[in-house]
Structure formats: C-alpha cells, structure tokens
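If you want the building blocks of each chain, they are given just below.
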Amino acid sequence: MNTSSAKDQCSPAKRWWSKETVAVVTGANKGIGFATVKKLAELGLTVILTARDPEKGQKAVESLRAQGIDVWFKRLDVADISSITDFASWLHQVFGGLDILVNNAAVSFNELNTNTVEHAETVIKTNFYGPKLLIEALMPLFRRSPSTSRILSLSSRLGLLNKLTNPAIRKLLLEEETLKEEKIDQIVKQFLSQVKDGTWQEHGWPKVWTDYSVSKLALNAYSRVLARRLEGNGVSVNCFCPGFTRTDMTGGWGQRSADEAAAAAAALALLPSEELPTGKFFKWCIPMLYSKL
Ligand code: NDP
C-alpha cells in the first residue's frame with residue numbers, strides 16, 4: 001500500500017468526539033508523539049502533551065501555541081513509577097478522568113545497522129513496563145464509555161511473532177487463551193538474564209534491534225491479554241506500527257514523516273466506536289491478528 005492511499009484510509013471519517021474528550025500522549029516533546037498531539041488538538045480534542053523533561057515539554061507546548069494550538073502540559077517519565085503516580089493523581093484532580101491514552105514514549109539505543117543490548121534494562125523498562133504501569137495506574141480513570149475509551153500503543157513490526165524463532169516462547173505467546181501477564185513478565189526476565197550472562201544470541205530472539213524488538217514483542221502480547229481482560233468493559237486496546245518514520249529514533253531516515261505517521265495514529269485513536277476493534281495490531285492502517293503472524 002502506498003503512503004497516500006493508506007493516508008486516505010486512515011483519515012478520521014466521523015466526528016464523535018468533542019472538546020470534552022481528553023487525550024493523553026506520552027513522550028510527546030518531539031517525533032511522532034509531538035505530531036500526534038498536534039493532530040489531535042487540531043481535530044478539537046483536549047490534549048495533554050507529556051514529556052519526561054519539563055523544559056523540552058514546555059518548549060514543545062510553546063511551539064504549538066505559536067501556531068495557535070493550545071494544549072496542556074504535564075511532566076511524565078514512564079520509566080519512573082513515582083512520576084506515573086503523580087501524573088495519575090494530577091489527571092484525576094484536574095480532569096476527573098481521560099478518554100484516550102496514546103502510549104508513544106520509547107527509547108532505542110541502536111543506530112540503524114547496529115544491535116547492542118548494552119541498554120536492554122532501560123529499553124525494556126521504558127518501552128514495555130512504562131506503558132504497562134501507566135495503563136494500570138490510569139485504568140480507574142478511564143471514563144469507560146463504550147464509544148470513547150481507548151488505548152493505542154505505538155509498537156513495531158520488529159516485535160511481531162514472526163521475528164521470534166525460539167519455539168518454546170513462540171508457543172507460549174501463541175496460546176491465546178492461556179497467555180497471562182505473568183508469563184509475559186517471565187519471558188522478558190528470561191531475556192534480561194540471558195543479556196546478563198551473555199547468552200542472548202543463542203535463544204532465537206529477534207535479530208534486529210533485539211532489546212527494542214523484545215520490548216515491543218512484550219508490549220504487543222500484553223496489549224492482547226489486556227484487550228481480552230477488558231472486553232465488554234468499555235476500553236479498547238490496540239497497537240499501531242507506523243512503519244519506518246523519519247525521527248530521531250531512526251537518525252532521520254524513513255519512508256514517511258512524523259506528521260504522516262501521526263495522522264494515521266490519530267485516525268486509529270479516533271475510529272468510530274462501531275469500527276473500533278480491540279486486541280489488534282495495526283500495521284500502518286491494516287488491522288491484523290497477532291496470532292496469524
Ligand atoms: P523519538 O525518539 O523521536 O521520540 C521518542 C519520545 O519518547 C521522545 O519524546 C522521548 O523523550 C520520549 N521518551 C523516551 N523515554 C521516555 C520516558 N522514560 N518517559 C517519557 N518519555 C520518554 O521516536 P519516534 O517518534 O520515532 O517514536 C515514537 C514511537 O513510535 C515509539 O514508541 C517508537 O517505538 C514507535 N515507532 C517508531 C518508528 C520509526 O520509524 N520512527 C517505527 C515503529 C515504531 P526525550 O526527548 O526526553 O528523549
């Protein structure tokens with residue numbers, strides 16, 4: 001699918017939201033997160049731009065204000081549980097709740113063609129435990145209207161099951177009915193302990209950006225389990241891979257701009273309730289079942 005036709009397909013069709021609809025975006029001082037905040041605010045939602053560095057966050061908010069776009073700012077470091085707790089209590093006090101969470105914040109310490117696991121702990125902590133702990137902290141605050149409550153996590157096709165060749169872990173992750181959060185935690189811990197003892201290359205983990213890929217693999221699996229847990233409870237949970245996008249994470253390389261990726265993310269976050277699935281991985285704008293990959 002080429003970019004322009006995908007973009008059309010990803011455009012939000014029907015406006016169901018209003019200024020009362022509250023969206024939170026993590027890691028939004030730059031890149032796809034910043035562009036997603038901009039898009040959601042332009043579409044008329046109340047948007048909270050969050051960033052771990054308050055100076056960078058404020059600067060981002062000011063640059064939007066200079067373009068006539070007004071958004072809120074609150075510091076949020078998804079790798080720091082006390083920051084998550086502070087954020088949840090601020091959100092409760094100021095807004096009473098939220099409707100949309102876009103888990104965007106993530107790190108990778110690799111150049112495009114390198115594969116170091118030197119920072120594996122930080123990568124897993126930020127990219128997997130960050131969204132997971134934030135979702136759990138915000139869960140009581142979702143307004144749980146079937147038409148509005150949704151979680152969209154920016155993930156990656158690098159974390160799809162077809163990148164994993166370890167048969168035992170593949171089997172665990174493919175057992176949809178029995179997969180539990182504890183099993184996902186165990187898989188992640190197993191990876192980190194193999195990083196520590198230097199044997200990680202022997203165990204069939206994804207070959208490209210391995211620590212990042214494992215973090216997204218775990219995020220995908222957790223999202224699937226969470227979607228099942230929340231089925232019928234008024235919160236949808238989906239993942240979205242924007243594809244190779246020109247941001248700092250890719251050293252400026254990529255097939256599309258952050259604005260194009262953000263337009264697709266915003267459109268998915270704003271799907272009308274009758275078209276909104278749960279437990280899906282969107283590869284660009286195409287919804288896919290993890291288990292089929
Ligand atoms: P960038 O590196 O441009 O931006 C990442 C953002 O996350 C920055 O704002 C960064 O803040 C923030 N961040 C990092 N750690 C934390 C933390 N602990 N708490 C809060 N914020 C944090 O990346 P992209 O815009 O490219 O990536 C956005 C999302 O899209 C990520 O989830 C990424 O994995 C995903 N993605 C990107 C692709 C691409 O090709 N670009 C492809 C597939 C998926 P700071 O400025 O302080 O570092």
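Above this text sits the structure in question.
These remarks concern the structure in this document. (Residues numbered from 1 in each chain as written. Predicted model: local features only at pLDDT ≥ 70, side-chain atom pairs only at ≥ 80, totals over all residues. Heavy atoms only, no water.)

What to know about the pairing of strand 7 (residues 280–283)
Logical step 1: The sheet contact formed by strand 6 (residues 236–241) and strand 7 spans four bridges and is parallel. Residue Cys241 lies in a different strand from strand 7, and its bridge partner there is Lys283.
Logical step 2: For the segment spanning strand 6, helix 9 (residues 258–269) and strand 7, crossover handedness is left-handed. (Pairing = 2+ DSSP bridges. Helix = DSSP H or I, 4+ residues; strand = E, 2+ residues; numbered from the N terminus. Right-handed = clockwise from strand over helix to strand, strands pointing away.)

As for the site of the ligand
Logical step 1: Residues in close proximity to the ligand total 28 residues, the closest being Asn29, Asn104, Tyr212, Thr245 and Thr247.
Logical step 2: Between an oxygen atom of the ligand and a main-chain N or O atom of Gly27, the distance comes to 3.1 Å.
Logical step 3: At 3.4 Å from an oxygen atom of the ligand is found a main-chain nitrogen or oxygen belonging to Ala106.
Logical step 4: In the complex, 94% of the free accessible area of the ligand, which totals 900 Å², lies under the protein chains.
Logical step 5: Counting only elements with at least two residues in the shell around the ligand, the list comes to helix 2 (31–42) and helix 8 (210–230). (Near = heavy atom within 4 Å. Polar contact = N/O pair within 3.5 Å; in protein donor to acceptor, adjacent residues only side chain to side chain. Areas by Shrake-Rupley, 256 points an atom, 1.4 Å probe, with all protein chains shown as cover.)

Section: a nonpolar patch on the surface
Logical step 1: On the surface, Leu112, Phe244 and Trp253 cluster together into a nonpolar patch covering about 320 Å² of accessible area.
Logical step 2: Since its relative accessible area comes to 32%, Leu112 is described here as partly exposed. (Patch = residues over 30% accessible without salt bridge, like charges linked within 9 Å, V, L, I, M, F, W, Y side chains within 5 Å. Salt bridge = Lys/Arg side-chain N within 4 Å of Asp/Glu carboxyl O. Buried < 20%, exposed > 50% of the residue type's maximum accessible area, 1.4 Å probe, protein only.)

Considering the pairing of strand 6
Logical step 1: Burial analysis of strand 6 places six of its six residues in the buried class, the great majority of the element.
Logical step 2: Of the two faces of strand 6, the one lined by Ser236, Asn238 and Phe240 and the one lined by Val237, Cys239 and Cys241 are each fully buried.
Logical step 3: One ladder, built from five bridges, connects strand 5 (residues 150–154) with strand 6; its direction is parallel. Looking at the pairing, Ser153 lines up with Cys239 of strand 6.

Digging into the packing of aromatic side chains
Logical step 1: All told, the structure shown has 10 aromatic pairs when counted by the stated rule.
Logical step 2: Judged by centre distance (5.7 Å) and plane angle (85°), the ring pair of Trp16 and Trp17 falls under edge-to-face.
Logical step 3: Overall, Trp16 belongs to the partly exposed group, its relative accessible area being 22%.
Logical step 4: Look at Phe191 and Trp205: their rings are 5.2 Å apart centre to centre, the planes differ by 70°, and that puts the pair in the edge-to-face class. One end of the pair, Phe191, is in helix 7 (residues 181–196); the other, Trp205, is in the loop between helix 7 and helix 8, and 14 residues separate them in sequence. Across the pair, Trp205 and Phe191 agree in class, each one buried.
Logical step 5: Its end group placed over the ring of Trp284, Arg256 keeps NZ or CZ at 3.8 Å from the ring centre. (Phe/Tyr/Trp six-rings, centres within 6.5 Å; stacked < 30°, edge-to-face > 60°. Lys NZ or Arg CZ within 6 Å of the ring centre and 35° of its normal.)

Function cannot be read off these values alone, since they describe shape.
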